[in-house]
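# Architecture and fold: a report
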Amino acid sequence: MDDIESLLKESRNFKPKADFSRKAVWNPKTVAEMRKLGEKSPERFWAKMAKENISWFQPWKKTLEWKPPFAKWFVGGKLNVAYNCIDRHLEGENSWRRNKAAILWEGEPGDSRVLTYGDLHREVCKFANVLKSQGVKTGDRVAIYMPMIPELAIAMLACARIGAPHSIVFGGFSADSLRDRINDVGAKLLVTADGGFRRGKPLALKATADKALTGTPGVEKVIVVARTGETIEMQKGRDFWWHDLMADASALCPPAKLDSEHPLYILYTSGTTGKPKGILHTTGGYLVHVATTAKVIFDLQENDTYWCTADIGWVTGHSYVIYGMLANGATTLMYEGTPNTPAEDRFWSIIEKYRVTIFYTAPTAIRTFIRWGEAHVKKHDLSSLRLLGSVGEPINPEAWIWYHRVIGQERCPIVDTWWQTETGGIIISPLPGATATKPGSATHPFPGIQTAIYTEEGQEVKPPNGGLLVLKNPWPGMLRGIWGDKERYKSTYWGKFKNVYLAGDGAHKDKNGYFWIMGRVDDVMNISGHRIGTMEVESAIVAEPHVAEAAVVGRPDEITGTAIVAFVTPKQGVAPDDALREKILKQVVRGIGALARPAEIRFTDALPKTRSGKIMRRLLRDIACHKEIVSDTTTLEDYSVLAKLRNEE
Ligand code: WT7
């Protein structure tokens, strides 16, 4: 099988500014030392990080026990995640952090709350006691279905405190999705809320949860936060108000001394294909991974105000809104709502209001901002920002440059971080004080991690050709399995190459050793015998200044094997006409070559996306092939998009 061809050319290069490098958590000299140590001995590197960044009740005996594909990290060590995220900031030389903001919270209607580390300690201890009083024991699973409110953070940390693995289900999921996840994980208690605010209106959650709960025999108790004040039904004996239970709860709750491999959480990921998988993460290795990467990649300084826009219902929220940030004693901001409520400048107004210094968001959001226009950004003072991050999909170079110029005002380094629900924490990313960045490249693996690009046969691909992205050695934040499905864990990730983790993404490495992610391999098209990633064609289309967003898919073609169909959203106010079609075709031919010229361009207002913002190309594939939608649509965010796309045929 041929390598995946890489046709995208990008030669811009951004060196770290001297001033930033000098003050960075890891300056270039440290980065060089850490890379060296990580290469020589990943275990010694991670053991060093585990000692420096995490507090242990009992030290580990063995850093890694690797019986492929099963890993145990920090074997014999005992610790508690909530203790590391809260208690230790109230003790000894850090005790001044008691009154430092842990969580800055902004509700969509404009209300706000601040929880200091002292507040968080009290609330988490109380809720941990509530859980215990409701019969939750170490090892029992707790499902959480909540809006982005502080109680969500409190609930997950309370679970961690008593060693009850949580399984958070994103508040946008349907009753069916919630029911399936609750049953698969075997949760005995559900924490939810009456609702949350979205797009200016209360969005009901309890009513949806009630539907799910008609088919979840294992759930004994439900705890409900009053957020919106809407009328809801409370089932006697099963449902309890959060505030009632908290009123009598004691604020004294010692953290459980848990084994390093004790399950911390299960998070379901569907990605874009197949039945959701319950990804299992454990305690010690996960915390070492996320705390270390949070500190170094986001260059966390004591006085930073950090904002990651992801919902806690996704792994990004688990690792880099809560655990990685609080483990470092940082101030993390949570926002409840949408970026355009009440207006398209909401994010920028939040950055100005709280003087946010580090901002982490997704390319899909950045492209939306581009579409809305710069005027919304210009209304606000963004001079507090000093570092930007991107995650979730490949960032196309034009979006990168816009992010750099308009949001970062050419002052802020950008960390494009590649990772997955399965990897637990960031795997490939620039280190902002040391790495010269290239727009669109996630650059290099984190020290201690070895990534490579393989052919189908398991040979390393020669630069600059593309292939399959793999991880060659175990890393501390790696998934420990798929909940209840050992075989699927083995076959999905470890079945193709011996003792090597298959990420499922296509990638290539350039002659300077930079990694470029080309999207999921399921999205690779074979055009006239050339394997071309959808992402590169999309990047070329989006480089046309009138285009806001694009998704391409292949449809069978007698001549070329596959023909490219492009779904294109023009910028606001731009006419979707033949003139624009011509411009796009020219742009693709100029950017990539005639080989990648779309056979068909369809204009559309919106693209079908998963709730985490990933374009669902398989649905577009169905449409492009003039088929009925045959694939699973349960992870689709907005069903009306599909109807519109079909009508446009
Ligand atoms: C997939 C994982 C990582 C947390 C959020 C998504 C894509 C993620 C990047 C990036 C290119 C990226 C990959 C990966 N992806 N970050 N910086 N550049 N692609 O977690 O839902 O588990 O998705 O997201 O395709 O495999 P997830």
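Everything numeric in this text was worked out from a predicted model, so none of it was measured.

Our next topic: the sheet that holds strand β31 (residues 600-603). Taken in spatial order, the 3 strands make up an open sheet running β29-β30-β31, and their pairing is mixed. Edge positions in the sheet fall to β29 (547-557) and β31, since each has one partner strand and no second. Averaged over neighbouring strand pairs, the angle between their axes works out to 25 degrees when direction is ignored. As paired strands, strand β30 (residues 561-570) and β31 are joined by 4 bridges and run parallel to one another. Note that in β31 the partner of Val568 across the bridge is Phe603. Contacts between helix α18 (residues 578-591) and the sheet are confined to β29, β30 and β31, with β31 contributing the most and set at about 130 degrees to the helix.

The next subject is the nonpolar core. Judged by nonpolar contacts, the single largest core of 122 residues is most densely connected at Leu120, Phe127, Ile144, Phe298, Tyr320 and Tyr323. Among the elements that make up this core, the one with the highest residue count is helix α6 (residues 150-162) (10 residues). Beyond its immediate chain neighbours, meaning those up to four positions away, Tyr320 contacts Val290, Thr293, Ala294, Phe298, Tyr306, Cys308, Val315, Met325, Tyr360, Trp419, Gly425 and Ile426.

On to the site of the ligand. Around the ligand, a shell composed of 16 residues is seen, among which Asp416, Thr417, Gln420, Thr421 and Asp505 lie nearest. Pro394 has a polar backbone atom sitting 3.3 Å from a nitrogen atom of the ligand. Asp416 places a polar side-chain atom, nitrogen or oxygen, 2.7 Å from a nitrogen atom of the ligand. Coverage of the ligand by the protein chains reaches 91% of its 550 Å² of free accessible surface. When residues of the shell around the ligand are traced back to their parent elements, those giving at least two are α11 (315-327) and β26 (515-520). Among the residues making up the shell around the ligand, the classes are represented as 6 nonpolar, 5 polar and 5 charged.

Another point: the packing of α6 against α11. For the pair α6 and α11, the least separation of the axes is 12 Å and the interaxial angle reads 60 degrees. Classed by the angle they form, the pair α6 and α11 counts as oblique. For α6 against α11, the interelement crossing comes out right-handed. Contacts from Ala153, Met156, Leu157 and Ala160 of α6 reach α11 at His318, Ile322, Tyr323 and Leu326.

Calculation criteria
- Residues numbered from 1 in each chain as written.
- Predicted model: local features only at pLDDT ≥ 70, side-chain atom pairs only at ≥ 80, totals over all residues.
- Heavy atoms only, no water.
- Pairing = 2+ DSSP bridges.
- Helix = DSSP H or I, 4+ residues; strand = E, 2+ residues; numbered from the N terminus.
- Axes fitted to C-alpha atoms, helices over the stretch in contact; angles between N-to-C directions.
- Contact = heavy atoms within 4.5 Å.
- Core = buried A, V, L, I, M, F, W, Y, C linked by side-chain atoms within 4.5 Å.
- Buried < 20%, exposed > 50% of the residue type's maximum accessible area, 1.4 Å probe, protein only.
- Near = heavy atom within 4 Å.
- Polar contact = N/O pair within 3.5 Å; in protein donor to acceptor, adjacent residues only side chain to side chain.
- Areas by Shrake-Rupley, 256 points an atom, 1.4 Å probe, with all protein chains shown as cover.
- Nonpolar A, V, L, I, M, F, W, Y, C, P; charged D, E, K, R; others polar.
- Parallel < 35°, antiparallel > 145°, perpendicular 65-115°, else oblique.
- Left-handed = near helix turned anticlockwise from the far one by under 90°.

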